[in-house]
Amino acid sequence: MKKVYLILIPVFAMLLNSCNNKKNKPNDSNSLTTEESYLGQKPPGLIPELFAPGIVSTKDLEITPLFDPVTKEFYFLRQQKGEASKAHVIRYRNGAWQNPVIKDSMNDYGMKSFISPDGKRLYLGDKFQERTASGWSEKISLGSPYAQIPIMRLTTSNLKTYVFDERDSIGNIRYSEMKDGVRQKPKSFGVEINTGKWTAHPFIAPDETYLIWDSEREGGYGNSDLYISFRKKDGSWGPAINMGPEINTKYADNRGMVSHDGKYFFFNRINIGKNFEESEANIFWVNAQVINNLKPN
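Report on the accompanying structure.

Analysis parameters
Residues numbered from 1 in each chain as written. Predicted model: local features only at pLDDT ≥ 70, side-chain atom pairs only at ≥ 80, totals over all residues. Heavy atoms only, no water. Salt bridge = Lys/Arg side-chain N within 4 Å of Asp/Glu carboxyl O. Helix = DSSP H or I, 4+ residues; strand = E, 2+ residues; numbered from the N terminus. Buried < 20%, exposed > 50% of the residue type's maximum accessible area, 1.4 Å probe, protein only. Phe/Tyr/Trp six-rings, centres within 6.5 Å; stacked < 30°, edge-to-face > 60°. Lys NZ or Arg CZ within 6 Å of the ring centre and 35° of its normal. Pairing = 2+ DSSP bridges.

Under the defined criterion, the tally for this structure stands at 13 salt bridges. Here aspartate 68 ties to arginine 131 by a salt bridge, and the two come within 2.9 Å at their closest N and O atoms. In this pair, aspartate 68 sits in strand 2 (residues 61-68) while arginine 131 sits in strand 9 (residues 127-132), placing the two residues 63 residues apart along the sequence. Like aspartate 68, the residue arginine 131 is buried in the burial classification. Ionic pairing is found between aspartate 253 and arginine 269, a salt bridge with its closest N-O pair at 2.7 Å. Of this pair, aspartate 253 sits in strand 22 (residues 252-258) while arginine 269 sits in strand 23 (residues 264-271); the two residues are 16 residues apart in sequence, bridging distant segments of the chain. The class for arginine 269 is buried, based on a relative accessible area of 15%. Connected through shared salt-bridge partners, Glu73, Arg91 and Arg93 make up one network.

The tally for this structure, following the rule as stated, stands at 25 aromatic pairs. On the basis of an interplanar angle of 40 degrees and a centroid distance of 5.7 Å, the ring pair of tyrosine 38 and tryptophan 285 is categorised as tilted. Taken as a pair, tyrosine 38 in the loop between helix 2 (34-37) and strand 1 (49-50) and tryptophan 285 in strand 24 (residues 280-287) lie far apart in primary sequence, 247 residues in all. No difference in accessibility class separates tyrosine 38 from tryptophan 285, as the two residues are buried. Measuring from centroid to centroid gives 6.2 Å for phenylalanine 114 and phenylalanine 203, while their planes differ by 70 degrees, and the two rings are edge-to-face. Placement of phenylalanine 114 in strand 7 (residues 113-115) and of phenylalanine 203 in strand 18 (residues 197-204) is noted, with a sequence separation of 89 residues between them. Overall, phenylalanine 114 belongs to the buried group, its relative accessible area being 5%. An aromatic cluster is defined as three or more aromatic residues linked by ring pairs; in this entry it consists of Tyr38, Phe51, Phe67, Phe74, Phe76, Tyr264, Phe266 and Trp285. The ring of phenylalanine 128 carries arginine 121 above its face, with NZ or CZ at 3.9 Å from the centroid.

A few words now on the sheet that holds strand 17 (residues 187-188). Pairing within the open sheet is antiparallel, and its four strands lie in the order 12-13-14-17. Each edge of the open sheet is held by one strand with a lone partner, namely strand 12 (154-156) and strand 17. Direction of pairing for strand 13 (residues 162-164) relative to strand 14 (residues 174-176): antiparallel, over a ladder of three bridges. What sits directly across from tyrosine 162, in strand 14, is serine 176.

This is the structure we're talking about:
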């Protein structure tokens, strides 16, 4: 797994900020069908499928999906042979999704990017931006202690709980709750989550009923696997559940997230070969029912 992270993090170092320093374009439709909402793609079933073959998923290397539910824009990273990775955006305009275009003004919007469940904040590791009438605000630091932590991904719930990782050889996922309007000191999850190597890229459910992350663990399918833990009635977290052979492979399956409407689960599948031709990096999606199917009775 170390090889994958050391290569891919520098390679995919950018992701898109469609609205920074420019006005958000109004949606030209407030009632898209499911297929229209996802680039006109036929929704997947319980077996993961490549997302938008020929449009997003190609022979090049593509990772890191990010939907903006407010502006109806889809962002991802693509690397072509002999080139650095480039941020791309696909916009829904005039009743149709446009062709992907390169977005140059992305800077550090890479694998750290996450839009809050209410669509009002764009989190970028230890920073965030507020959505305004004219686009995204300037970056605002989360302050201490977050500014001192090498965060790869910070996600939030409807209750404004932060769940974030720390990039090191082992990995550590922590959480910080809001109580009576006061942000609490970060705490580490227990061994149910923080076990194995390269424990990273958490996704907390909006209602905090489950947590998804990736890690290398004994009994896995090869490289990094995606795991899920369900919250118990007493508030504690259940054991880590490998998301299974349909989701996980011998390659690096990572950075899972559920769409804002709760219908689909997206993740990366990455295989770094000896050269570009032998390497693969793709975005997959699957019906989010797979999550409910993993929940213990």
